[in-house]
Amino acid sequence: MANEHYAEFIAEAFISPIRSVLIVDDDYPTLDEILDQEIRNKEGDEPRPTSKRWYDNPHRIKRVIDGFRKPERPLLVDIHDGANVDAKGDAKVASHLHQSDLLVLDYELDKLKKGDGGRAIEILRGLIENDHFNLVVVHTSEDLEVVYRDIILGLLNPMDDPLTDEEIQTVDELIATRENEEEDTLQLLQAAVSDDQYLHARLHPATYLSIMRKGQQPYSSFHDLAAAAEWSNENKKLVLRRLLSDAERSVQARLGELPTPGLQWAKAGVKWVKSESVFIAFSKKADHDDLIADLKVALEAWNPAPSRLFMAKLRAEMDEYGVVAQSEAFERQHALAQWYARLLSSKGDERRWRIAESVARHSDQLLTTIHRRVEKFASELVEAESNAAGQEIIARCQHHFSVDLSKDLSKKKAEREHNAFVCSKAPEGWHLTTGHVFLMNDQHWICLSPACDLVPGQGEDRNEGLGDRQPFMAVKLFSVSSERKHDVNTNLFVFLNLDGDVVTFRFNPPGNDAAPPVWRTLYAEKRGLLADDFSFRVSATEAGARSLISPVHSAKVVAQLRYEYALNLLQKLGVSMTRIGLDFV
């Protein structure tokens, strides 16, 4: 749970930017419904009967809405009664959910199906597919524990951990053997592994087996039964996996079909669920009517890390002050006119490059203004954190990121991840460019030709006679052990994120810092244009049986150095290629 000073920054990053609220609840009156009643009253007709609960107690609904319209927080409130949500959740309301900053969602949208939250879960699944980050408060009169569990299950997909036929047979034999010694063994095991254990295993897929092996909750009962049966650790794991599969079958009907990226939920205490694009808080209708307060408490229980607050603040500032920043960017009208004239006069691949360049320049101007506001927020947060009484730096970092920097392994991993972040990034662009690291014939190479020489369509006279092949300089990268200490400031090392791990490479062969790099002139087919998966084809001159040959190889860009780091290696390559051989003894 976030402490008091940190909670203020969570509220500023996530609560303060809220401007609009959409309530989806079939107990609420819609504007059409209210106007219809008023028309019938004026015409002397009998009010149309309604089964909605608001009609019997409109004061509670008004208090909820008034809670969103306080003078210090006057939000725009829209209401949808969920009437056009079908069994598959194909609702008109879904088309403008992304326009609302906060969604208040009733769990039971179909009163004909008591306790059924199928429609609400379908809306949540639709939100998860939305790129907009959504805040949701599930507002319900049902049992919160049941609603909480059903929503988690509804956002999960089936496990991908099937047992082989041989493993199933082994488990059956283990249980049958134990049944001969202790009756009701199967029933006891199934009681020890039910919904709680299933959800824990889904929340901790990488560690739940080790937690069970240590006899910790929620597997202590299962661990005791397995220990009494004298099963080996491997057999314990097999039996637990089988029981978890059985537990999944009991909830199969409530599971979704597709995985929810980044799905997490509260382990205990205040209930919350989040994915990469949705944060869900829970509120009981009978408790009180301040749903913003419930959302705030849930966000504090989630306790997002400072870096996430920085990003949330950046998004909020972009929405709030993007127009102001845009106006500042428009002040240089002559430069903008010049850029656009170059766009209009360009053609083919050159136009594509000019457009990418122009968009990057406009984005840079826009973000420059926004950054100042986010930096102020970050400064205030860091100042408050550093002044927190009794809080050491290591403890604060462990609290926010669950990383103990006092441990050597954690510190080394932090250093490698930092190095990879500052010098490289995920590949981008539509053609081969300076700093692209590509894999060819199981070897890593880096493109180190000047960026201007690599733009398709540029230098056609220089490349005359090469057809659609783009010549470029490539330097071979040598993988080195991350476990050894390296003097990383020698300008010889780069750090890349490859397949989820940080891999360290040298710019020249290991063993001699003065050794020249291994470079080749290669030829990218189709002017270096990249496929959607960043693959391309390369001609490389090699020794054949009697003469040089130029076979074509498949290559794929797997990482990219940030420009200043690529420029550093480009300079080192130039120094190496222009060095003078001295004849000293």
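The preceding data block contains the structure.
Everything numeric here is computed off the predicted structure, so don't read it as measured data.

About the thresholds
Residues numbered from 1 in each chain as written. Predicted model: local features only at pLDDT ≥ 70, side-chain atom pairs only at ≥ 80, totals over all residues. Heavy atoms only, no water. Helix = DSSP H or I, 4+ residues; strand = E, 2+ residues; numbered from the N terminus. Contact = heavy atoms within 4.5 Å. Salt bridge = Lys/Arg side-chain N within 4 Å of Asp/Glu carboxyl O. Buried < 20%, exposed > 50% of the residue type's maximum accessible area, 1.4 Å probe, protein only. Pairing = 2+ DSSP bridges. Axes fitted to C-alpha atoms, helices over the stretch in contact; angles between N-to-C directions. Phe/Tyr/Trp six-rings, centres within 6.5 Å; stacked < 30°, edge-to-face > 60°. Parallel < 35°, antiparallel > 145°, perpendicular 65-115°, else oblique. Left-handed = near helix turned anticlockwise from the far one by under 90°. Nonpolar A, V, L, I, M, F, W, Y, C, P; charged D, E, K, R; others polar. Core = buried A, V, L, I, M, F, W, Y, C linked by side-chain atoms within 4.5 Å.

Caption draft 1: Just the environment of A226, in detail. Note that A226 resides in helix 10 (residues 220–228). Spatially, the C-alpha atoms of A226 and L189 are 8.7 Å apart, while their sequence positions differ by 37 residues. Each residue touching A226, except ones within four places of it in the same chain, is listed here: W231 and K236.

Caption draft 2: Representation of the pattern of salt bridges within the structure. One pass over the full model with this rule turns up 21 salt bridges. One salt bridge connects D25 with K285, and the closest N-O pair in it is separated by 2.8 Å. Here the residue D25 occupies a position in the loop between strand 1 (20–24) and helix 2 (31–42), and K285 occupies one in the loop between strand 9 (278–284) and helix 12 (291–302), the gap between them amounting to 260 residues. Exposure class is identical for D25 and K285. Each is buried. As a salt-bridge pair, E181 and R178 come within 3.0 Å of each other at their nearest N and O atoms. Of the two residues, E181 and R178 are both situated in helix 6 (residues 165–181); the distance of 3 residues between them amounts to about one turn of the helix. You can call E181 exposed: its relative accessible area is 57%. A single salt-bridge network, built from bridges that share partners, covers D172, R242, D246 and R249.

Caption draft 3: Just the pairing of strand 15 (residues 493–498), in detail. Of all 6 residues that make up strand 15, 5 are buried, and the element is covered over most of its length. Following strand 15, the chain reverses through 2 residues before pairing antiparallel with strand 16 (residues 501–506); D499 in that reversal takes a positive phi of roughly 55 degrees.

Caption draft 4: Focus on the sheet that holds strand 9. The strand order across the open sheet formed by 7 strands is 4-1-5-6-9-8-7, and the pairing between neighbours is mixed. In this open sheet, the two edge strands, each paired with only one partner strand, are strand 4 (76–80) and strand 7 (264–265). In terms of strand pairing, strand 8 (residues 272–274) meets strand 9 through 3 bridges, oriented antiparallel. Residue V273 lies in a different strand from strand 9, and its bridge partner there is I280. Here helix 12 sits on the sheet in contact with strand 5 (102–106), strand 6 (134–140), strand 8 and strand 9, set at roughly 125 degrees to strand 9.

Caption draft 5: How the structure looks around the packing of aromatic side chains. One pass over the full model with this rule turns up 8 aromatic pairs. Plain terms: the ring middles of Y148 and F282 are 5.3 Å apart, the flat faces sit at 90 degrees to each other, and that makes the pair edge-to-face. Of this pair, Y148 sits in helix 5 (residues 144–155) while F282 sits in strand 9, and the two are 134 residues apart along the sequence. Both residues of the pair, Y148 and F282, belong to the buried class. Note on F438 and F472: the rings are 5.9 Å apart at their centroids and 75 degrees apart in plane angle, and the pair reads as edge-to-face.

Caption draft 6: Representation of the packing of helix 4 (residues 118–128) against helix 5 in the model. Packing of helix 4 against helix 5 brings their axes to within 10 Å, and their N-to-C directions diverge by 50 degrees. Relative to helix 5, helix 4 is oriented oblique. In the crossing of helix 4 with helix 5, the sense of the turn from one axis to the other is right-handed. Taken together, the residues of helix 5 that come into contact with helix 4 (itself represented by I121, L124, R125 and I128) are D150, I151, G154 and L155. Taken together, the residues of the contact of helix 4 with helix 5 break down into 5 nonpolar, 1 polar and 2 charged.

Caption draft 7: Main features of the nonpolar core. In this structure, F68, L102, I151, F222, F279, I280 and L295 are the most contacted members of the largest nonpolar core, which totals 91 residues. When near neighbours in sequence (up to four residues on either side) are disregarded, F68 contacts V21, I23, R73, P74, L75, V77, L102, V104, L291 and I292. M473, V475, L498 and L573 belong to the second largest nonpolar core, which has 24 residues in total.

Caption draft 8: The sheet that holds strand 14 (residues 478–480), seen in detail. Sheet architecture is open: 3 strands sit in the order 14-16-15, paired in antiparallel fashion. Two strands bound the open sheet, and with one partner strand each, they are strand 14 and strand 15. Going from strand to strand, the sheet's axes swing by 45 degrees on average, the running direction of each strand aside. When strand 14 meets strand 16, the two strands line up antiparallel, connected through 3 bridges. Its bridge partner being in strand 16, S479 is matched across the sheet by F505. Running at roughly 95 degrees to strand 15, helix 17 (residues 408–423) makes contact with strand 15 and strand 16 of the sheet.

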